[in-house]
Structures are given as C-alpha cells and as structure tokens.
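# Per-entry structural report
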Amino acid sequence: MYGMVNRALQNMIIDEAGDAGWGSVCRRAGMEPPVFVSMDTYDDAITYALVGAASTELERDAGELLHALGLYWIRVTAAESYESIFHMHGSSLRGFLENLDQMHARLSLHFPEMRAPSFEVEDAEHGMHVRYWSDRPGLAPFVKGLLAGLCERFGEPYAVRHVGGRDDGRDHELFHLEPTA
Ligand code: HEM
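Presented here is a report on the structure given in the accompanying data block. Remember, it's a predicted structure, so these values are computed and weren't measured experimentally.

The next thing to look at is helix α2 (residues 44-58). Here α2 contains 15 residues, and its C-alpha end-to-end distance of 21 Å stays within 8% of the 21 Å for a straight helix at 1.5 Å per residue. Turning to α2, its buried residues number three or more, namely Thr 47, Leu 50, Val 51, Ala 53 and Ala 54. Where α2 is buried, its residues touch α1 (3-28) and α3 (62-81). Looking one or two residues past α2, Glu 59 carries a phi angle of roughly 50°, positive in sign.

Written out as structure tokens, the structure is:
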C-alpha cells in the first residue's frame, strides 16, 4: 500500500494516543516507528500488522479502527491534502461515487504501482447500493467509514450498512445507503 495510507493511520493513532502510543503500537507490530513516505509503496503486511497492534494496544476492535480510518481519511487526510481532487470529481455523493474509479485511474498516473479498488453504484429500494471490489481482504469496514465520511462531506445524510461480501461467497462487498432525512 502506498505510504499515504500508512501515514493516515499513523496520524490518526498519534491524534488519539500521542507519539508514545504510536511508538508502542509499532513495537507491538514488531518494528521501530517507521518514516512513511507518501509516494513510496510498502508491503500490505505492514498496514495489517499496524492495525492489529493498534487494536490490541488501544483496546479497540480492528474493524472499528478501520472504520475510524475511513472517516479520518475523508475528514482530515483528503480535506488537508487532496481537496482539489475532490472538487474535480463531483459535487454530489452519487456523482462522486460514480467517478471514483476514474479518480483512482487518474491517480495511478502518479502512483504507478497502485492496485486500485473498484466501485459501482446503483439504485436500490430505499436508497442506493455501492459495490466494492478489491484484491485486498478485510477492508470493508474501511470502506464503510469512507462512505460515511463522504455522506458527511456532501451533507447528504445516509445510514451506511455493510450488507455482505466475500464471507458469503460474493466476489465483492455490498453496501446499502439509506437516506435518513
Ligand atoms: C481524494 C482522495 C483520494 C486519494 C488521493 C486516494 C488514493 C489512494 C491510494 C494512493 C491508495 C493506495 C492503493 C495502493 O497502494 O495500491 C488508495 C487505496 C484505496 N482507496 Fe483511495 N484515494 C482517495 C479517495 C478515496 C475515496 C473517497 C474512496 C472511497 C470510498 C477510496 C477508496 C479506497 C480504498 C478502499 C483503498 C484501499 C485499496 C483496496 O481496496 O485494495 N479512496 N487510494
């Protein structure tokens, strides 16, 4: 995974637990606190190990941490560093979600080793369905947090529910977004 994702995780943990807490998480994951470079790639095992160690260290469920990371990505990382990318790719939640693959495809010009996820949106009874494909396992809670962050960002209140996915034999994860207002 590109360093920017690990950096977001690092910043989120430092916000919550300080530099000392981050140090403890890294050591629990079997490493000295690394310096993540946004544009460098790192083995996915590092990201998973840090999430696992943070879960133990902060006594928070790993899925809940990934969800928090999705929210943090939208509220803090993207808002601080990638605002222009947001503006270019849609002014409504639906439009933005429809453009997500195109957005990651454009980004892959700058991040050539990127293994981008893929998304599809469609109408569903009471709202919409979002489908998410990735060759990485276990990131559905991250996507749920990203989707919740996007709803907040676009001021479009939806309840985001993870309907199911690989655990029940699909090749993708399915989310239902139901309007709450
Ligand atoms: C605007 C800012 C964004 C930037 C700059 C960005 C960039 C990236 C980069 C560089 C990666 C790492 C891929 C790799 O190393 O192979 C990534 C992964 C990912 N991105 Fe984005 N992204 C952005 C917004 C979003 C949004 C809004 C969503 C979704 C709702 C999203 C969904 C994901 C997911 C789920 C992954 C994990 C990779 C996987 O599933 O395999 N991203 N993104």
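So, on to the pairing of strand β4 (residues 173-179). Remark: a regular strand shows side chains that alternate across the two faces of the sheet. In this structure, strand β2 (residues 127-133) lies alongside β4, joined through five bridges in antiparallel fashion. Each residue of the ladder has a partner; that of Tyr 132, found in β4, is Glu 173. Two elements, strand β3 (residues 158-164) and β4, share six bridges in a ladder whose sense is antiparallel. Paired with Gly 164 across the two strands is Leu 174, which belongs to β4.

For Glu 59, which is not glycine, the phi torsion reads 50° and is therefore positive. Judged by the 7 C-beta atoms lying within 10 Å of it, Glu 59 falls in the exposed class.

Each value, and the rule that gives it
Residues numbered from 1 in each chain as written. Predicted model: local features only at pLDDT ≥ 70, side-chain atom pairs only at ≥ 80, totals over all residues. Helix = DSSP H or I, 4+ residues; strand = E, 2+ residues; numbered from the N terminus. Expected span 1.5 Å × (residues − 1). Buried ≥ 20, exposed ≤ 12 C-beta atoms within 10 Å, placed from the backbone. Contact = placed C-beta atoms within 7 Å. Pairing = 2+ DSSP bridges.

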